[in-house]
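One-letter residues, chain by chain:
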Amino acid sequence: MSSIDYIKDNKQKFLDELFDLLRLPSVSADPAYKNDVLKTAEFVKNSLISAGADNVEVCETAGYPIVYGEKIIDPKLPTVLVYGHYDVQPADPLELWDSPAFEPVIKNEKIYARGACDDKGQMYMHVKAFETMMKTNTLTTNVKFMIEGEEEVGSDNLGVFVKNNKEKLAADIILISDTSMISLDTPSITVGLRGLSYLQVEVTGPNRDLHSGVYGGAVANPINELCKMIASLKDENNKITIPGFYDKVVELTADERKALNSAPFDLDEYKKDLNIDAIEGEDGYTTLERAGIRPTLDVNGIWGGYIGQGAKTVLPSKAFAKISMRLVPNQVSGEITELFTNHFKSIAPDSVKVKVTPHHGGEPAVTPTDSVAYAAASDAFVEAWGKAPIPTRDGGSIPIVSLFKKELGLDTVLMGFGLDSDAIHSPNEHYGIANFMKGIETITLFYKHFAKKFN
């Protein structure tokens, strides 16, 4: 039986298994889901064993475990190291979901559930591609799996694991599916990722909540001051005002920008999909450039004071915000965090105190397009989709790409099959069944072409 036939014949089995995986609420950010995260690690372990992997183990870390497995068919052959993650974002706000976040449903040929695309659906494609190759005796390289449970909270313990297991993780290329493609009609391969600096700010005014009538107008309101401070972080051209922020930013050449903007993009469809009347961003750059090659600063959450039902005339003691900055080559997350911290404290009025708490970060990465592995991925898309993929820059962050390069000396191929419209990190996250099934097929073809080109 061919790989294509096996994939077609087992479509329902693959989907049923994915649904079982999606029902596990593996929210790494919330300790209330600890047992569910651990159950998910066991699920991944059992899936790898069932698919035919050897030496499968749940490797303990200081946080959630990493699932490792391998199949070494011949030490002389090249080795592919597959990375993915089994943890997911919180599902909140739950009331905005059209169906329960952890009870997957199919609507319009799409799977709706938290983690459907990011990253359970995409990670599981690799498990099923491996199973397909094992069952049809078409595996052409060695393969190793490293599936972690802390990607959504910064992968704090992955670095230690990688440093302590370099021999175990030795490979020739790393393969990841945790990114998107342009469309089902226009495949693409991500060749650039932005880095990340994520932190929380706390602004404190009086030592307790006050009556806004008795004290209003005489005592600084931390929420008001926080909003003014945040507003000052960008100028009228949407350029970030933190001193030194752009000092290390690598500007793309005119040819590189032209190539980036050659990707199919319909601005009207973009606005329609988001139900917005106008776009916004840094002056002098296109939407594709703003979302892929320029650094950003965004407020991810802001709170303080009374937010319950009805009215409470309170002048709050504290205000909070979570702020993220997406970084581009050659910005360094630690340096940007320090620049932000110093600047944010410097712009605070004397009437409030400011505390900045870093959460997690990661470095930007650019992957080569002239490698054997990239050529193999391109050929796999050509065979499966009938057209060559377009190299694109992704606005998201996968900090471990730069970690792998630093610690293991390995480049990464980012074969993502999601779509920007899949609502990852949002209510009603979904993933196309066609993307899932075609992804499995394309991944099996990558191994075939990689083995041919490597030799």
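Residues numbered from 1 in each chain as written. Predicted model: local features only at pLDDT ≥ 70, side-chain atom pairs only at ≥ 80, totals over all residues. Heavy atoms only, no water.

### Considerations on the packing of helix 2 (residues 11-22) against helix 14 (residues 433-454)
Where helix 2 meets helix 14, the closest approach of the two axes is 12 Å, and the angle between their N-to-C directions is 110°. The orientation of helix 2 relative to helix 14 falls into the category roughly perpendicular. In terms of crossing hand, the pair formed by helix 2 and helix 14 is right-handed. Facing helix 2, whose interface residues are Lys-11, Phe-14, Leu-15 and Leu-18, helix 14 presents Ile-433, Phe-436, Met-437 and Ile-440. For the contact of helix 2 with helix 14, the residue count by class is seven nonpolar, no polar and one charged. (Axes fitted to C-alpha atoms, helices over the stretch in contact; angles between N-to-C directions. Helix = DSSP H or I, 4+ residues; strand = E, 2+ residues; numbered from the N terminus. Parallel < 35°, antiparallel > 145°, perpendicular 65-115°, else oblique. Left-handed = near helix turned anticlockwise from the far one by under 90°. Contact = heavy atoms within 4.5 Å. Nonpolar A, V, L, I, M, F, W, Y, C, P; charged D, E, K, R; others polar.)

### Remarks on the sheet that holds strand 11 (residues 298-304)
Read from one edge to the other, the open sheet built from four strands follows the order 11-13-9-14, with strand pairing classed as antiparallel. The open sheet has two free edges, formed respectively by strand 11 and strand 14 (353-362), since each of these has just one partner strand. Here the average twist between neighbouring strands, direction ignored, is 15°. Relative to strand 13 (residues 318-327), strand 11 runs antiparallel, the two sharing six bridges. Within strand 13, the residue paired with Trp-303 across the bridge is Phe-320. Running over the sheet, helix 7 (residues 222-231) touches strand 9 (195-204), strand 11, strand 13 and strand 14 and is turned about 15° from strand 13. (Pairing = 2+ DSSP bridges.)

### Details of the nonpolar core
Tyr-86, Phe-417, Phe-436, Phe-446 and Tyr-447 are the most contacted members of the largest nonpolar core, which totals 64 residues. Here this core takes nine residues from helix 14, the largest share from any one element. If we ignore the near neighbours within four places in the chain, the residues touching Phe-446 are Val-80, Ile-173, Leu-175, Ala-373, Ala-376, Ala-377, Ala-380 and Met-415. Counting 27 residues, the second largest nonpolar core, distinct from the first, contains Leu-233, Ile-242, Leu-297 and Ala-319. (Core = buried A, V, L, I, M, F, W, Y, C linked by side-chain atoms within 4.5 Å. Buried < 20%, exposed > 50% of the residue type's maximum accessible area, 1.4 Å probe, protein only.)

### What to know about the environment of Gly-281
In this fold, Gly-281 is placed in the loop between helix 9 (267-274) and helix 10 (287-290). When the C-alpha positions of Gly-281 and Pro-25 are compared, they lie 35 Å apart, and in sequence the two are 256 residues distant. Setting aside its immediate chain neighbours within four residues, Gly-281 contacts Asn-237, Asn-238 and Arg-290.

### A closer look at the packing of helix 4 (residues 120-135) against helix 14
Two elements in contact, helix 4 and helix 14, have axes whose closest approach is 8 Å; the angle formed by their N-to-C orientations is 50°. When the axes of helix 4 and helix 14 are compared, the pair comes out oblique. Here helix 4 and helix 14 pass one another in a crossing that is right-handed. Residue-level contacts link Gly-121, Tyr-124, Met-125, His-126, Lys-128, Ala-129, Thr-132 and Met-133 of helix 4 to Asn-435, Phe-436, Gly-439, Ile-440, Ile-443, Thr-444 and Tyr-447 of helix 14. Here the contact of helix 4 with helix 14 is built from residues that sort into eight nonpolar, six polar and one charged.

### A look at a negative patch on the surface
On the surface, Asp-266, Asp-268, Glu-269, Asp-273 and Asp-420 cluster together to form a negatively charged patch. Structurally, the position occupied by Glu-269 is in helix 9. Judged by relative accessible area, Glu-269 falls into the partly exposed class, the value being 46%. (Patch = residues over 30% accessible without salt bridge, like charges linked within 9 Å, V, L, I, M, F, W, Y side chains within 5 Å. Areas by Shrake-Rupley, 256 points an atom, 1.4 Å probe, with all protein chains shown as cover. Salt bridge = Lys/Arg side-chain N within 4 Å of Asp/Glu carboxyl O. Lys, Arg positive; Asp, Glu negative; His and termini not counted. Charge placed at Lys NZ, Arg CZ, Asp CG, Glu CD.)

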